[in-house]
Structure formats: structure tokens, C-alpha cells
Amino acid sequence: LKFIEDKIESVRPLFEKGGKFEKLYPLFEAKETFLLTPADVTKAAPHVRDALDMKRLMSIVVLAILPCFLIGTYNTGLQALNAQGAPAGVLACILTGLRAVLPIVVVSYAVGGLWEVLFALVRRHEINEGFLVTGLLFPLTLPPSIPLWMVAAGISFGVVLGKEIFGGTGMNVLNPALTARAFVFFAYPAAMSGEKVWRAVDGFSGATALGTAALAGPDPVSAIQSTGITLRDAFLGTIPGSIGEGSAIACALGAFILIATGIGSWRIMFSCLIGALGMATFINAVAGPQSAGIMHLPPIWHIFLGGFMFGTVYMATDPVSAAATRAGQWVYGLGIGMLCILIRCVNPAYPEGMMLSILFLNILAPLIDYGALQMHFKTRAARRFRRARAQ
Amino acid sequence: LALIRITKGHDIPIAGRPQPRIIDAPRPARVALQPADFRYLRPRLLVAEGDSVKTGAPVLEDKDDPRIRFVSPGTGKIASVHYGERRRILEVIIELSGEEQFLDNPPMTREEVLGLDRFALKNKLLQSGLWPLIRQRPFSKIASPDDMPSAILINGMPADPFDADPGAFLSGMEESFQLGIEIISRLTDGKTHLCCAAGASHKAFTQAAHCLRHEIAGPYPAGLPAVQIYHVCPPKAGEVVWYISAQDVAAIADYFTAGKYPTQRIVSLCGPSVLNPTYLRTRQGACAESLSDGRVQEGEQRYVTGGVLTGRKIAATGFLGFYDSMLFVLPEGRTREFLGFLHPGHDRYSASRAFLSTLFPKATRLIDTNKHGSVRNFVLNSAYEDICPVDILPQFLAKSVLAGDIEESEKHGILDCAECGLCTFACPSKIELGRIIRKGIDDIRNEG
């Protein structure tokens, strides 16, 4: 430990003002504070500070994403091997999955990280830990067959236009990972939707369950089940879909970590769920025999299929782009849940509605917070006035 | 009597709570007046280095209102006057020497004191140099003698769990305390409130007359008068509420009955670096050395006059603040840790639940001055939710201050901010929220 400290101190002058690599200071700072916690002490009151910082916070979010990454990787391998008709042992699934997923994650981290560092150097701010989350979330929302250059283009768009031009983590309006996905989705639709993209095997066709439901008749459940997918598969995540989004149980584990540590808002997750269940029940009730099959899909299937759980747990709860007031978070979550199901059901072009509904509510979040703040001002002033009069 | 439950706040389990046992501290060699204790004060120096002063002799006055004066808390010689940037007076140091001599003032009986009218009382308080003990909300500055406060609040609670608890040291001072309450209550046409801790059984409180008694329950900062005022008697726009601590109320009564400037103060010497945290009987403005000598651990320490979340950093050779009844000593935290963010955190303290320590709560933890991270933009909003005792949303308020939007800041309730330090403590982005909000308060005052 002493060795690392000495080493850092010996090269520090090179990076400080007047040093040879002065311009690279943010890089030095990031590396230094990654290795060793800063020695900074408080200058004035309060003289003590909470142990929680951004590094810790983002590490916990990454930890919460890991179950999705692991099960997603396994499932990617499983789907590929099944499609080839090869035997799908656990180890084989993981190895095959890693071969497909790892390059995507590496490209996402490398290209996105490059932008992050470039902006940090030019704008002279610290390298933000938030990127560790964005760089892992984005690949998990992609189909396993996506070309790597699209991953690079997508993460570049997400990091630069979704975040950095606003001033970095904390200043962004939209969730950067979803911004990246939205870019790829609309720029390269053929690679992002349709039937051929969901398995890491060339030329194999197979729709996602939501896609099947969208085209099915009044009994979408049997249509889905006829493709060999049960509710149990949907819950475990052993179905074709984007890399990391499929497993409800992995998402639930992530949700547990985020809620237990208080880092993800349970209000948003819960209200999102309520919104989706409510809207699905409502649409079930109004759907007639002529309606698209997905309008008959029971609420529980909506929750377990597609990116609903993944979006609810990891994307909707992004504290920067979500509503920040408590009352606002309820409205925001309900909005996402309801809108997601509405898009799935009434817009046949998008069998998956989670991305669009979250982005839409991201944009509305400041307005929701504005409304919630006005309410807060009113109730606070009224309470205070009552006390002033009572004395 | 009414019980007021304050639910928001947070008790940080720092080690070093004091035993409520009073020990006589050695007589300090030096005492000081520090203008930084008084918000917005522009002081004029009335003495020069080398002058001899008696206890109670004027040393400073307020340039904006020369009736408000600050007197020497001891007999001796003006040893030095320290100036800061732009010739701002930092401290006026008085070297104590010889027998204590007081500025002449006739002692009065209780009946004589109570025979004085409001005008005479105010004049005596101003003359004595005790007037600055009375402060006002909003702005936490010295009360303006021409104002009529809508209420006065006497704080009978320790400011935080480390502060000297009046309930533990008012014994023998009951009469002074009661007389003090009556003097104070004559300064307003409104009510005089006495706040004490829930369950406080000292008869100085239970038998207190001429005031409305409230019991306050809740975590830190329920003991801060600013928080109590928000919950008991918040000033309406344009109004002011005055406040004073119980110890100072008794000191004021002592001044009237003895005719001598009351120099004695009970101070808590506390914090993780203090060997046997306890109460000490010392003087107002005493040098920290006289309290800490032989009672503090070796190593680099931070000395704070006042609470650890609200007080002022002083040198080990510095002085107690005018209003402060605690000297908090904690270790400076300059040790670095390898890959600290991966640490399970069974020994870290956080108000959040992001560390293993949440599962293994301990009554006390060793917490030092390390910031535990570097500054980032606002990210996590849940960090501030249940912490602000006066129903402010700190991150939104700070943003409105940064945007220069005074109107919005006032809607947030910026003038109710108790400056308790909790939002800054809890901020995972390590933003100095308190300093930002304080700047907003200063801006409002400066714009009138």
C-alpha cells in the first residue's frame, strides 16, 4: 500500500499545474482515487461526512446489474446452442454466451470510456463513475447479434449527446444508456428488431414473445406457448430477447439490492409495476374479438416479457433522469408503467414499449417535479402559517 | 406543556459523548473575543494592544449600532489583536493577570430587577455586553434592540448529544434561571417559550413560570433553537423571533443580582479524541489549551468550537466561541485506503444503507474528518429525504440559490434553514450544500 502511495506521489508533479502532463490531470485523478480513497479532509462545518460517495454508489449499481449480465450471458449461449441444435450444458452455454456478449460489453466500455475521458480532459472535470453503469446497461439492452460498430456508434451517441453535452453525469435530461439504445433502434432498425436478431447465430429466425403476441389472435398466450415459451421460462429469462433484459428473477435480485441499499427508488419501481398492471388489466377489459392479440395478453405476461422489469429496475430509477420529488416519483413511475403497456398494445410498430415510455417520462420528469414542488410549497407554507398563528 | 415530536433529522453515532459530571478546568491563561462568532457584525476596536482591561470593560462595538458592545470576559492585558484578510478582526486576545476586577455596577435584589421597565432592562443588557447573547431568527444574528420580537424562545436543550445539557448543570442555579426567564420575557409583548428535552425532570424546568414550556422529542438537530422556532413559533414575513440558551439566561440574571459580568461557563469537552469526555467549568472565551491539556489523544486533531456539524474549526491554541458550550475534538482523517469503494464497509458510517455497517449497528463509531470522496454533480436525491428538520428539500433549494432565484429560494423556506449541517453531511456528491444555502441567506439579508 505504501508502495502505491509513494508511486503516485512520485508522478503527481508531472500532472499538476506546470507539469509535463498537466492536461491529463483528470486521468491521473481518476486512476489515483480509484486505487486509493482521497485523503481530503473537511475544511469547515460539518466536520464529518457520510462514507457514501459516487464511487461506492455506482459500484453498488453495477453489482445490482451483475445478475442480469450473468443470466443474460448464459441465456444468450443457451439460445444460440438451441438454435444450432447443439447440446446446451451450463458451461457450454456460458462460454458461447461470453463469446457473443463480451465483445459487445468491451466495445461499449472502451468507446464510451474514450468519450468520457476526452470530455473530462477538454472540459477539465473529473471522470464520472456514472459511466461504469451506462457502459454496462447499454449492451444488455441490445440483441446479441448486433454488429460491434453499431454498439460503438450507439454508445458514442448516448454518452456524447445523451450526457456530456449537458455537462456530464448529474446534468443529463435523458438516461444515457436508453438514449444510446434509442439511437441504434431508430438508426438501424433491421439490426434491432425483426425476427433474425435475437440469437447469436447467423441466419436463424425467431421472434420475441412480445412480437409473437402482437401478431397473434385473441389467444396470445397459447400463441406464445406454441413457440415453446412458458411463463416459467419468461420468469427465469430463458427466452430469446435482448441480452440482459429477459430474466425477471435477475431483475428482482437487482431490485432487491437497489432497494435494500436505498439507492434505487422503491417508489418508482412499485408505481411502475402498478401502472403496468393497471393499464394491462384495463386494456384486457376493453379488448374485443377484433383487437390485436397483445391486447388480450394477461398483465402477468406483460410484466415478465420484454424489457419491462429491466427498464423498471435499472432505467426508470436512474436518479438523475427520474423525478426527484417523492410525489413526483409516484406520478413518474405510474406514467412509465401505463405508457409502456399502451405502446405495446396500440402501436403495432413497437411491440416493446419500455424504452420509449421511459424516455418520454424522462422528458416529463422536470415538469412533474415542478408540479410536485408547487404542491410542496403550498403545504409547507400552510403548515408553517398554522403554527405561527397558533402561538 | 406540549410535547412536540420532530421526526426528521439524524443522530450520527460518533464516539466521545460526555459524562454529565462537572470538573473545574484550570484557569485559562488567555481568553478572547472573536468577531466571527457574530453574524454580519462589523466590529470597531475600542482598545489597543497593551491596554489593561477589567472584566466587563468594552473591547469592541458594532459599527452599525454602537449601543451593541462586546466586553472583556476577563481582567488582564490586551495581548494581541489578530487580523485576517482586508484587516478583518479575527480575535482580540486578553492575557489574564492579577486579581479579577469588575467594572463597577451596583448589585440589585430580585424585586429591584423586576421593578425595571423594558427600556431600562434593554439599556442594562446593552451596557453590560450581555445583549449579544440574544439572537434573532431569521439570519441568526444579534437581536436588534429596536425590534419587537413576536416571541422569544429559551433553549433548555443541549444543541446536540455532545453539548453540555442544562438539565444536568442547572442545579443551584434555579433562582437565577427563573429570574432570567422573567427578565427575558419582559422584552416582548408576545409569548416566551421554554424548550426542554422530552422527559426533562429538573425543577428549574418543571417549575419555570412566566413562560410556555414545550417538551421536544426527536433526533439531532431537535436541540437547535432554529429548529425549535420553526416548530414552535415560526416568524411570519417581516417578524423576528429572538432566542437565547438556558445557560445564558441564568448568566443574565446573575449579572443583575451580583452586578458583575458573569464569566463562568459550563462547557462539554467531547469527541472521539477526548480521553474522558466530560463537562468542564471554565470561562467564556477560554483558550482551548486550558480545557484540552492532558485530556486529548496524541496525533493530528481537529478542534471545533461548537457542534461537530455546526461549529467553527479552531487551532489547538484557539479559543471557545462566544455562544459555544462545547469543544469537540476529533482526529483528522488523512489515511488513504486501497480500492476503498469495494470495501464491504462494516466499519464505515453512513446515513444511507449502502454499507455493511447498516446490518451491524453500533452505539458509537470512530469518525474522522475525511470527506470520503470527491465532489460530483447532484445525483442521488434520496440522500436528503428524511434528514431536513425544517421541511426543506435541500438539493432543490441549493439549485435555486445557485440559479440566483431568491423568490424560489424563499418559497423553499430558505430563511427557516437551521444550518444544522445534515444535508452536507449526507450528500454523496460531497457538495457543500450548507455553504450554498448560507450564501442564499446572506444574499437575502444584503438585499434587505
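My aim in this report is to walk through the structure given alongside it, one point at a time. These figures come from a predicted structure and were not determined experimentally.

1. What to know about the overall build of chain A
Thought 1: Along its length, chain A carries 17 helices and zero strands.
Thought 2: For a compact globule of 391 residues, the expected C-alpha radius of gyration is about 21 Å, and chain A comes in at 23 Å, within 12% of that figure.
Thought 3: Seen through its C-alpha atoms, chain A measures out along the principal axes to roughly 70 × 70 × 35 Å.
Thought 4: Per-residue burial for chain A yields a buried fraction of 57% across its 391 residues.

2. Re the packing of aromatic side chains
Thought 1: Taken as a whole and assessed by the stated rule, the structure comprises 19 aromatic pairs over all chains.
Thought 2: Ring geometry for B:Phe38 versus B:Phe70: centroids 4.6 Å apart, planes at 45 degrees, classification tilted. You can see B:Phe38 sitting in the loop between strand E3 (30-33) and strand E4 (43-45) and its partner B:Phe70 sitting in strand E7 (residues 69-71), a full 32 residues away along the chain. Neither residue differs from the other here; B:Phe38 and B:Phe70 are each classed as buried.
Thought 3: When the ring of B:Phe177 is compared with that of B:Phe205, the centres are 5.8 Å apart and the planes differ by 85 degrees; the resulting orientation is edge-to-face. Of the two residues, B:Phe177 sits in helix H4 (residues 174-185) while B:Phe205 sits in helix H5 (residues 203-206), which places them 28 residues apart along the sequence.
Thought 4: On the basis of relative accessible area, B:Phe177 is assigned to the buried category, the value being 0%.
Thought 5: Put simply, the rings of A:Trp149, A:Phe157, A:Phe183 and A:Tyr188 pair up and form one aromatic cluster.

3. Some details on the interface of chain A and chain B
Thought 1: At the interface, 68 residues of chain A touch 81 residues of chain B.
Thought 2: With both chains or domains summed, chain A and chain B bury close to 6,400 Å², and 53% of this area falls on carbon and sulfur atoms.
Thought 3: One can count six salt bridges joining chain A with chain B.
Thought 4: The tally of links from chain A across to chain B stands at 30 residue pairs in polar contact (both at pLDDT 80 or more).
Thought 5: For the side of chain A that touches chain B, the secondary structure elements donating two or more residues are helix H1 (2-15), helix H2 (25-35), helix H3 (54-84), helix H12 (248-260), helix H16 (326-346) and helix H17 (354-390) of chain A.
Thought 6: Here the element with the most residues in the side of chain A that touches chain B is H17(A); it accounts for 12 residues.

4. Side note on the sheet that holds E7(B)
All names here are of chain B.
Thought 1: Judged by pairing direction, the sheet is antiparallel, and its three strands sit side by side in the order E4-E6-E7 without closing on themselves. Of all the strands in the sheet, the pair left with one neighbour each is E4 and E7. Here the strands of the sheet are splayed against their neighbours by 30 degrees on average, with no regard to which way each runs.
Thought 2: As judged from the three bridges shared by E4 and strand E6 (residues 58-62), these two strands associate in the antiparallel manner. Looking across to E6, one finds that Pro43 is bridged to Asp62.

5. Re empty space enclosed by the protein
All names here are of chain A.
Thought 1: One pass over the full model with this rule turns up seven cavities of 30 Å³ or more.
Thought 2: Of the volumes computed, that of the largest cavity is approximately 290 Å³.
Thought 3: What lines the largest cavity is a set of 24 residues, among which Met58, Val61, Val133, Asp318 and Pro319 lie closest to the centre.
Thought 4: Elements supplying a minimum of two residues to the lining of the largest cavity: H3, helix H5 (130-140), helix H7 (176-187) and helix H15 (308-315).
Thought 5: With five residues, H5 is the single largest residue contributor to the lining of the largest cavity.
Thought 6: Residues belonging to the lining of the largest cavity are distributed by class as follows: 15 nonpolar, seven polar and two charged.
Thought 7: Around the second largest cavity sit Thr141, Leu178, Arg181, Glu245, Gly307, Phe310, Gly311, Met315, Glu352, Met354, Met355 and Ile358, which together line it.

6. A short note on the packing of H3(A) against H5(A)
All names here are of chain A.
Thought 1: Axis separation between H3 and H5 bottoms out at 9 Å; the angle between their running directions is 15 degrees. Taken together, the axes of H3 and H5 lie roughly parallel to each other. Every pair of crossing elements has a handedness; the one defined by H3 and H5 is left-handed. Within the contact between the two elements, H3 uses Met58, Val61, Val62, Ile65, Cys68 and Phe69 and H5 uses Gly130, Leu132, Val133, Leu136, Leu137 and Leu140.
Thought 2: Residues belonging to the contact of H3 with H5 are distributed by class as follows: 11 nonpolar, one polar and no charged.

7. Some details on the sheet that holds strand E13 (residues 191-197) of chain B
All names here are of chain B.
Thought 1: Pairing is mixed across the open sheet formed by seven strands, whose spatial order is E1-E14-E13-E12-E15-E10-E11. Each end of this open sheet is capped by a strand with a single partner; those strands are strand E1 (2-5) and strand E11 (141-142).
Thought 2: Contacting strand E12 (151-155), E13 and strand E15 (241-245), H4 crosses the sheet at an angle of about 160 degrees to E12.

What counts, and where the lines are drawn
Residues numbered from 1 in each chain as written. Chains lettered and ligands numbered in written order. Predicted model: local features only at pLDDT ≥ 70, side-chain atom pairs only at ≥ 80, totals over all residues. Heavy atoms only, no water. Helix = DSSP H or I, 4+ residues; strand = E, 2+ residues; numbered from the N terminus. Rg over C-alpha atoms; globule rule 2.2 N^0.38 Å. Buried < 20%, exposed > 50% of the residue type's maximum accessible area, 1.4 Å probe, protein only. Phe/Tyr/Trp six-rings, centres within 6.5 Å; stacked < 30°, edge-to-face > 60°. Contact = heavy atoms within 4.5 Å. Buried area = accessible area lost by both parts, 1.4 Å probe. Salt bridge = Lys/Arg side-chain N within 4 Å of Asp/Glu carboxyl O. Polar contact = N/O pair within 3.5 Å; in protein donor to acceptor, adjacent residues only side chain to side chain. Pairing = 2+ DSSP bridges. Axes fitted to C-alpha atoms, helices over the stretch in contact; angles between N-to-C directions. 1 Å grid on protein atoms, 1.4 Å probe; cavity = no way out; pocket = protein on both sides within 12 Å on 5 of 7 lines; lining within 4 Å. Points joined across faces, edges and corners; volume = space filled by probe spheres on them. Nonpolar A, V, L, I, M, F, W, Y, C, P; charged D, E, K, R; others polar. Parallel < 35°, antiparallel > 145°, perpendicular 65-115°, else oblique. Left-handed = near helix turned anticlockwise from the far one by under 90°.

Coordinates in, geometry out; function isn't part of it.
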